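Per-entry structural report
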Amino acid sequence: MDSIELFVQLGVSPQERSKPQRVRFSVVYIPQCYLDSGEDLISKTVDYEGIVQILQKLASTHTFHLVEYLAERCAYELFSNFELTWIKVTATKFNPMPSVESTTGYCELGEN
């Protein structure tokens, strides 16, 4: 899943965290019951809406200092809520400084 955009209270300084920052998430995963059954069933994979709901909840109920920690918290939350063998979450914050277009943190869990 690419380009999930949410606003997150994120930043090192209190001023930066006072206004929600635009963050783009990417989530790549391997379900435990991988699509090797030959069936086209949602029960054999992960519900995209469920992923987005978890990311939205984290974004709206927590404050983060570091984009790397944000990616880690999202990865652990998704890994614990879905039957996955592997997950990688990236979180990209835009314009962290005037001369920097973006900064990205990521976290991988499980076995690929």
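A short tour of the structure in this document, coming up.

Reading the values: the criteria
- Note that residues are indexed from 1 along each chain, following the sequence as it is written.
- pLDDT decides what is reported in this predicted model: residues at 70 or higher carry local features, side-chain atom pairs at 80 or more are listed and counted, and totals for whole chains, interfaces and linings draw on all residues regardless.
- Calculation of side-chain values draws on the structure's entire complement of heavy atoms; hydrogens and water are dropped beforehand.
- Each residue gets one of three labels from its accessible area relative to the maximum for its type: buried under 20%, exposed over 50%, partly exposed in between, using a 1.4 Å probe on protein chains only.
- In this text, helices come from DSSP runs of H or I with a minimum length of four residues, and strands from runs of E with a minimum of two, each type numbered from the N-terminal end.
- Think of it this way: DSSP has to see at least two bridges between two strands before they count as a pair.
- Note on contacts: a residue pair qualifies if any of its non-hydrogen atoms lie within 4.5 Å across the two residues.
- Interaxial angle, 0 to 180 degrees, is taken between N-to-C directions of lines fitted to C-alpha atoms, where a helix line uses only the stretch in contact.
- We define the nonpolar core as a collection of buried residues of types Ala, Val, Leu, Ile, Met, Phe, Trp, Tyr and Cys that are connected through side-chain atoms lying within 4.5 Å of one another.
- Salt bridges, as used here, are contacts in which a Lys or Arg side-chain nitrogen is within 4 Å of a carboxyl oxygen on Asp or Glu.

For the rest of this paragraph, the subject is the pairing of strand 1 (residues 4–10). Judged by which residues are buried, strand 1 turns out to be one-sided: Ile-4, Leu-6, Val-8 and Leu-10 face inward and are buried, whereas Glu-5, Phe-7 and Gln-9, on the alternate face, are not. With two bridges connecting them, strand 1 and strand 3 (residues 63–64) associate as parallel partners. Of the residues in strand 3, the one forming a bridge with Leu-10 is Phe-64.

This paragraph deals with the sheet that holds strand 2 (residues 21–31). The strand order across the open sheet formed by five strands is 3-1-2-4-5, and the pairing between neighbours is mixed. A strand with exactly one partner marks an edge of an open sheet, and here the two such strands are strand 3 and strand 5 (100–110). Summarising the sheet, strand 4 (residues 84–97) and strand 5 pair through 10 bridges and their orientation is antiparallel. In the sheet register, Phe-94 faces strand 5, and the bridge partner there is Ser-102. Lying on the sheet, helix 2 (residues 48–61) is in contact with strand 1, strand 2 and strand 3; it crosses strand 1 at an angle near 20 degrees.

Right, let's get into the nonpolar core. Among the nonpolar cores identified, the biggest contains 28 residues, and Phe-25, Val-27, Leu-55, Leu-70, Leu-78 and Ile-87 are the most heavily contacted of them. Broken down by secondary-structure element, the contributors of at least two residues to this core are strand 1, strand 2, helix 2, helix 3 (67–81), strand 4 and strand 5. Of all the elements, helix 3 adds the most residues to this core, at six residues. Apart from the residues lying within four places of it in its own chain, the contact partners of Leu-55 are Ile-4, Leu-6, Phe-25, Val-27, Cys-74 and Leu-78.

Moving on: the pattern of salt bridges. Under the defined criterion, the tally for this structure stands at three salt bridges. For Arg-22, the salt bridge is made with Glu-5, and the minimal N-O distance between the two is 3.2 Å. Taken together, the residues span a long stretch of sequence, with Arg-22 in strand 2 and Glu-5 in strand 1 at a distance of 17 residues. Two residues, Arg-24 and Glu-5, come together in a salt bridge whose shortest N-O distance is 2.4 Å. Within this pair, whereas Arg-24 is found in strand 2, its partner Glu-5 is found in strand 1, the two being separated by 19 residues in sequence. Because the salt bridges share partners, they merge into one network encompassing Glu-5, Arg-22 and Arg-24.

In short, the description is geometric, and any link to function would need to be established separately.
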